[in-house]
Amino acid sequence: MHNSLKFLIMATAIVSATPAHAAPAPVTGKWITTEGDSVITISQCGKTVCGRISKILVSTPDSNLKDVNNPNPKLRNRTIVGLPILTQFKPDGKKWRGKIYDPRNGKQYRSILTLLKNGKLKVEGCIAFFCQSQYWTRAK
């Protein structure tokens, strides 16, 4: 057997034995936010994963259920229920990376989602290298 053929067979065996990148655990479903004030429904959106506010659990009579803090004046009249807050999430190792929108301040952040062993969803919003975390609970 020629050396080049032996090399090809060995290289094929090594590549076949190397495990593919593990996909992150699925994060789709309904989640209750840390504050317990809303439910976020995460689902497949084309080639990415996204999340919308699907239900408000706690509201006060004087609370405004519109996206009033949005920097774009044309979007300030959008209702909070149905508002997309998680967008463009793609798998990256054991995490999902995308963007999160906070309707409380009208800002968008780089975001990381990680499904933890205890079943909670770690939701991080990041500016540069600084991230702030929340832990969401799966809705029943």
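Residues numbered from 1 in each chain as written. Predicted model: local features only at pLDDT ≥ 70, side-chain atom pairs only at ≥ 80, totals over all residues. Heavy atoms only, no water.

K.L.:
Quick question: what am I supposed to make of the overall build of the protein here?
P.N.:
Counting secondary structure elements, the protein contains one helix and eight strands. When its helices and strands are written in sequence order, the protein yields α-β-β-β-β-β-β-β-β. A buried classification covers 26% of the 140 residues belonging to the protein. When contacts within the protein are restricted to residue pairs at least 6 apart in sequence, long-range pairs at least 24 apart make up 36% of them. Accessible surface, the protein as shown: approximately 9600 Å² in total, 60% of it carbon and sulfur. (Helix = DSSP H or I, 4+ residues; strand = E, 2+ residues; numbered from the N terminus. Buried < 20%, exposed > 50% of the residue type's maximum accessible area, 1.4 Å probe, protein only. Contact = heavy atoms within 4.5 Å. Areas by Shrake-Rupley, 256 points an atom, 1.4 Å probe, with all protein chains shown as cover.)

K.L.:
How should I be thinking about the state of the cysteines in this particular structure?
P.N.:
Disulfides are covalent bonds that link the sulfur atoms of two cysteine residues. Summed over the entire model, instances satisfying the criterion amount to two disulfides. Disulfide partner of Cys-45: Cys-50, at an S-S distance of 1.6 Å. What connects to what in the protein, once the bonded cysteines are numbered by sequence position, is 1-2, 3-4. (Disulfide = S-S within 2.5 Å.)

K.L.:
Just to check I follow, could you spell out the pairing of strand β4 (residues 84-92) for this structure?
P.N.:
Every regular strand shows the same layout, with side chains that alternate between the two sheet faces. Pairing geometry for strand β3 (residues 48-56) and β4, over three bridges, is antiparallel. Bridging from a neighbouring strand, Arg-52 pairs with Pro-84 of β4. Inspection of the sheet shows β4 paired to strand β5 (residues 95-102) by five bridges, in the antiparallel sense. What sits directly across from Thr-87, in β5, is Lys-99. Where β4 folds back on β5, the antiparallel hairpin that results is connected by two residues, among which Gly-93 adopts a positive phi of roughly 70°. (Pairing = 2+ DSSP bridges.)

K.L.:
Would you explain the layout of surface pockets in this entry?
P.N.:
With a probe scaled to a water molecule rolled over the atoms, the places where space remains empty come into view. When its volume is computed, the largest pocket comes out at roughly 760 Å³. For the lining of the largest pocket, the secondary structure elements donating two or more residues are β2 (38-45), β3, β5, β7 (121-127) and β8 (130-138). Examining the composition of the lining of the largest pocket, we find that six residues originate from one element, β8, more than from any other. Its residues assigned to classes, the lining of the largest pocket comprises 18 nonpolar, twelve polar and six charged. (1 Å grid on protein atoms, 1.4 Å probe; cavity = no way out; pocket = protein on both sides within 12 Å on 5 of 7 lines; lining within 4 Å. Points joined across faces, edges and corners; volume = space filled by probe spheres on them. Nonpolar A, V, L, I, M, F, W, Y, C, P; charged D, E, K, R; others polar.)

K.L.:
How should I be thinking about the pairing of β8 in this particular structure?
P.N.:
Of the strand pairs in this sheet, strand β1 (residues 29-32) and β8 are connected by two bridges, and their pairing is antiparallel. By the bridge assignment, Ile-32 is partnered in β8 with Thr-137. The pairing of β7 with β8 spans seven bridges and is classified as antiparallel. Bridge pairing in β8 links Gly-125 to Gln-132. Connecting β7 to the antiparallel partner β8 that follows it, the hairpin turn spans two residues, and Ala-128 within it adopts a positive phi of roughly 55°.

K.L.:
Which parts of the structure should I look at to understand the environment of Asp-102?
P.N.:
Here Asp-102 is to be found in strand β5. Looking at Asp-102, the relative accessible area reads 25%, which means it is partly exposed. Residues Asp-102 and Ile-85 lie 17 residues apart in sequence; the distance between their C-alpha atoms is 6.8 Å. In contact with Asp-102, not counting residues within four places along its chain, are Lys-107 and Tyr-109.

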